[in-house]
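Here is what each chain is made of, one letter per residue.
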Amino acid sequence: NYRRHPLEIPPPSEKDWIRDDEEDFFLQDPDRKRDALPQPFRMVNKLVMQVFESAMEIIERREMLQEAQKLKVQPTKCFPTAEFQVTGRANCLAVSRKYIFVGLSVGLSAFNTCDYKDVCTWDADKTEICAIHASDLGNECHVLLAVDEMGLVRLFCFHKESFLLIKVLNEVGDISKRSTCVEVVLSPGGDYAGVLLQGNTKAWLEIYQLPKDSWLMEMEKITQDAAELACSERRPSCTSAMDTFLLQESLVSANQAVSKLNLPVLLLTVKPPEPITGSRFESPLDALKEVDDDSMLGLGYNHLIKDFQWELQEAIFRSTYQEYLEAKGVIKEEIPRHATFHFLLPSQVLQVGPDMEVEPDVPAGIGVHWDGNHNFCLYLLKEQVDYDLKPDVVWPCAAPIACSAVSSCSRYLALAGEDATITIWDKHLGYPLSVTAIVEERFIRSIHFL
């Protein structure tokens, strides 16, 4: 037996071709149980498997996000423990010991944090209070500075759950001459108060000394008088609750009977630095006449620059740079209208004289810097009689000061310049501790110690 034709490999038939979805059939279906299923069922099965795989991917992704969220520090959720019902709209608030003072659209209110009740309200002028600052003086006495919508600053004394208006600091008879309050600051302990005022064309800073010792003595006297009045009106059958009510009513009537407490004393009036201008002398000869030692250089007029020479020089300058002067114009430097100030404790930089009594925890000076100015000026808190007040210490900076901050201990001073540089100074020793430059050179608007 032999073959008459050469041996050939038969071509594969279509039924022997391996389909794309059956390449791994030996893994997914080793028993070949799905071979008998028709095509629509296999397609449905494949779609269902894709849906399950996509769902598992989404679940794994969400679980990873939840695990990453658990590793982050979660903020503590705080819920209110009490609610205060006020009359009108609440604009601002200040806390002093156990009292919360709220500035309203119709006046002031004081709340006790122990029982969350309104203990006193002041609405005599029906004015809207926009800002409020409070400080504890001791002996259940508090001092308050309140600024209303018209920019008036009212000084209050809060004692035994009653308000007593002491003075409106910037009130004047002529409304056209009235100044507007921009900012108020109370020193820790309530010894001093600073008020930044703005007029029509100028701004200035007023520093007041508050006679808190005399206020405390006067309030103690009021308490004693009220107690004596309550004892005289007490009946033998009265209960302790009735005695307390009589005492409170006597305190309120005694506070209302007080005409005026001692008024605050104006210590300093700080004005912004004048812009740099030319000399006030009309000619060099007038300047030489002001020499103190009665000597003068160049008595002959030929030795001095005459007026027509200055005029000729100005004409040459204007003709040379005429295109630049017309393009940009002449910029007139304006006087700064806003300042930032801090009360400072005694230190080596701010030395006080022997005639000035200083306590360690009572401010001895203030630090002021005006917008666009390079200098941080320090003034001693003593009564000044000079109209043109000069700073006791000037702290120059390389760039205009944008903002500043003082630590709670008043030792460290932070100055942020408009060139995005922050300098930390040790005010007791007088040298810088660190200088930090922001790489992106962003404008720094505020800075704080933590």
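Please refer to the structure higher up on the page.
All of the points below concern the structure found in this document. (Residues numbered from 1 in each chain as written. Predicted model: local features only at pLDDT ≥ 70, side-chain atom pairs only at ≥ 80, totals over all residues. Heavy atoms only, no water.)

1. As for the sheet that holds strand 16 (residues 393-396)
Across the sheet, which stays open at both edges, the 4 strands sit in the order 13-14-15-16 with antiparallel pairing between neighbours. Two strands lie at the open edges of the sheet, namely strand 13 (339-344) and strand 16, each paired on one side alone. Between one strand and the next, the sheet's axes are offset by a mean angle of 20°, whatever the strand orientation. Relative to strand 16, strand 15 (residues 375-380) runs antiparallel, the two sharing 4 bridges. (Pairing = 2+ DSSP bridges. Helix = DSSP H or I, 4+ residues; strand = E, 2+ residues; numbered from the N terminus. Axes fitted to C-alpha atoms, helices over the stretch in contact; angles between N-to-C directions.)

2. Examining the pattern of salt bridges
For the coordinates displayed, the defined rule picks out 9 salt bridges. The salt bridge partner of Asp148 is Arg154, with a shortest N-O separation of 2.9 Å. With respect to burial, Asp148 and Arg154 carry one shared label: buried. The shortest N-O distance in the salt bridge between Glu314 and Arg318 comes to 3.5 Å. Note that Glu314 and Arg318 are positioned in helix 6 (residues 307-320) at a spacing of 4 residues, about one turn of the helix. (Salt bridge = Lys/Arg side-chain N within 4 Å of Asp/Glu carboxyl O. Buried < 20%, exposed > 50% of the residue type's maximum accessible area, 1.4 Å probe, protein only.)

3. Some words on the sheet that holds strand 10 (residues 192-198)
The strand order across the open sheet formed by 4 strands is 9-10-11-12, and the pairing between neighbours is antiparallel. A strand with exactly one partner marks an edge of an open sheet, and here the two such strands are strand 9 (180-186) and strand 12 (265-270). Neighbouring strand axes in the sheet, compared pairwise and without regard to direction, differ in orientation by 20° on average. Pairing between strand 11 (residues 203-209) and strand 12: 5 bridges, direction antiparallel. Counterpart to Tyr208 in the pairing with strand 12 is Leu266.

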